[in-house]
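# Examination of the molecular architecture
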Amino acid sequence: MKKRSIIIDTDPGIDDAIALAAALFSEELDIRLISTVAGNVSLEKTTNNALKLLTFWGKRIPVAMGADRPLLASPSDAAHVHGASGMDGYDFPIPDRSNLLAEHAVNAISKTLKESAEKITLVPIGPLTNIALLLRMYPDAREKIAEIVLMGGSLTRGNKGVMSEFNIACDPEAARILFESGLPIVMAPLDVGWKALVRPEDAAKIKAMGRTGEMIYALLQHYRSGDINTGFEMYDSCAIAYLLRPEMFEVAETFVAVETAGILTAGTTLVDLKGYLKQAPNVKVCVDINEKMFRDWLLAALKRCG
Ligand code: RIB
Ligand code: CA
């Protein structure tokens, strides 16, 4: 079977790490590049975490460092969710930095797209700063982008602001550039992440899976999106799950606007399911998820990691 070529733009991040595990060991995906961005923690730390994970798994995939701050918004982080390192809880080996490219992520993404024989799917699971810079610096890049499948936004409430989700709210202007680009976008919002859970019984199964399971279980002890009793929210894995098992999602094609001017609402995604704004659809939004299909998929995906 022909693998789907993807580039993952990420801010590891404990849920990013689990999403990367599911993607890196999938037989269906060809990860051409991992680009890092400031988000959960600083760019230095998210990059170090990406390298730690690749070293842990012995994977040779190029990594490129991207934006160390949002386009306009003040920098913020989610160390309270992921720990000061961004991946607290496990003593990783010293990262092999030979995976790290010298060029900026935006240039590396552009080059990877340009040199690719086929179109590539971009999978942003952090703030969208790198993606916005790519679209502004390399307008022709869009010709080689098959689709953009992202974790971000919310149909309802926020987790950074009252109404705004972290990845969008970190860099609302970058998100607006993407959502107004006309590119084919799939959005996995908080609302499906809240149902994409690692429940206590799943955590026990993961722990018994071996080296990767033990590492993930250790990270989960420090992850503060959800908890061991109600379940840990696997936001970023929803983007990977959509790539591999889209049938587990209910999807609505609709118009999504990103608020950038609101003093209290910047970063809110207005998912206009009822058409109040009278705009043509620009996003496929995952509005629901089959929880059991997700849990079965994630456990099977992590089991493959060894
Ligand atoms: O709101 C959840 C998102 O913010 C996830 O990508 C998580 O890793 C954090 O970056
Ligand atoms: Ca993330």
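Residues numbered from 1 in each chain as written. Chains lettered and ligands numbered in written order. Predicted model: local features only at pLDDT ≥ 70, side-chain atom pairs only at ≥ 80, totals over all residues. Heavy atoms only, no water.

## Concerning the overall build of the protein
The secondary structure content of the protein amounts to twelve helices and 13 strands. Dimensions of the protein, computed from the C-alpha atoms along their principal axes, are close to 50 × 40 × 40 Å. Across the 306 residues of the protein, 57% fall into the buried class. Taking the contacts inside the protein whose residues are at least 6 apart along the sequence as the reference set, 82% of them involve residues at least 24 apart. As displayed, the protein offers around 12500 Å² of accessible surface, 52% of which is attributable to carbon and sulfur atoms. The centroid of the 33 positive side-chain charges in the protein is displaced by 3 Å from the centroid of its 38 negative side-chain charges. (Helix = DSSP H or I, 4+ residues; strand = E, 2+ residues; numbered from the N terminus. Buried < 20%, exposed > 50% of the residue type's maximum accessible area, 1.4 Å probe, protein only. Contact = heavy atoms within 4.5 Å. Areas by Shrake-Rupley, 256 points an atom, 1.4 Å probe, with all protein chains shown as cover. Lys, Arg positive; Asp, Glu negative; His and termini not counted. Charge placed at Lys NZ, Arg CZ, Asp CG, Glu CD.)

## Thoughts on the nonpolar core
Counting 68 residues, the largest nonpolar core has Ile-240, Phe-294 and Trp-297 as the members making the most contacts within it. At nine residues, the largest contribution of residues to this core is made by helix α1 (residues 14-24). Ignoring any residue separated from it by four or fewer positions in sequence, one finds Phe-294 in contact with Ala-196, Leu-197, Met-234, Ser-237, Cys-238, Ala-241, Met-248 and Ile-289. One finds Ala-64, Leu-113, Ala-132 and Val-256 within the second-largest nonpolar core, a separate group that totals 33 residues. (Core = buried A, V, L, I, M, F, W, Y, C linked by side-chain atoms within 4.5 Å.)

## Comments concerning the coordination of the calcium ion (ligand 2)
Surrounding the calcium ion (ligand 2) are the protein donor atoms Asp-11 (OD), Asp-16 (OD), Asp-16 (OD), Ile-125 (O) and Asp-236 (OD), at 2.2 to 2.6 Å. The sequence pattern formed by the donor residues of the calcium ion (ligand 2) is D-x4-D-x108-I-x110-D. The buried category is assigned to Asp-16, whose relative accessible area is 0%. (Donors = N, O, S within 2.8 Å, 3.2 Å for Na, K, Ca; no water.)

## A short note on the pairing of strand β6 (residues 185-188)
Burial of β6 is two-sided: the residues Ile-185 and Met-187 facing one way and the residues Val-186 and Ala-188 facing the other way are all buried. Of the strand pairs in this sheet, strand β5 (residues 145-151) and β6 are connected by four bridges, and their pairing is parallel. Pairing of Leu-150 across the sheet is with Met-187, part of β6. In this sheet, strand β13 (residues 283-289) lies alongside β6 in parallel orientation, the contact comprising three bridges. Counterpart to Val-186 in the pairing with β13 is Lys-284. (Pairing = 2+ DSSP bridges.)

By themselves, these figures tell us nothing about what the structure is for.
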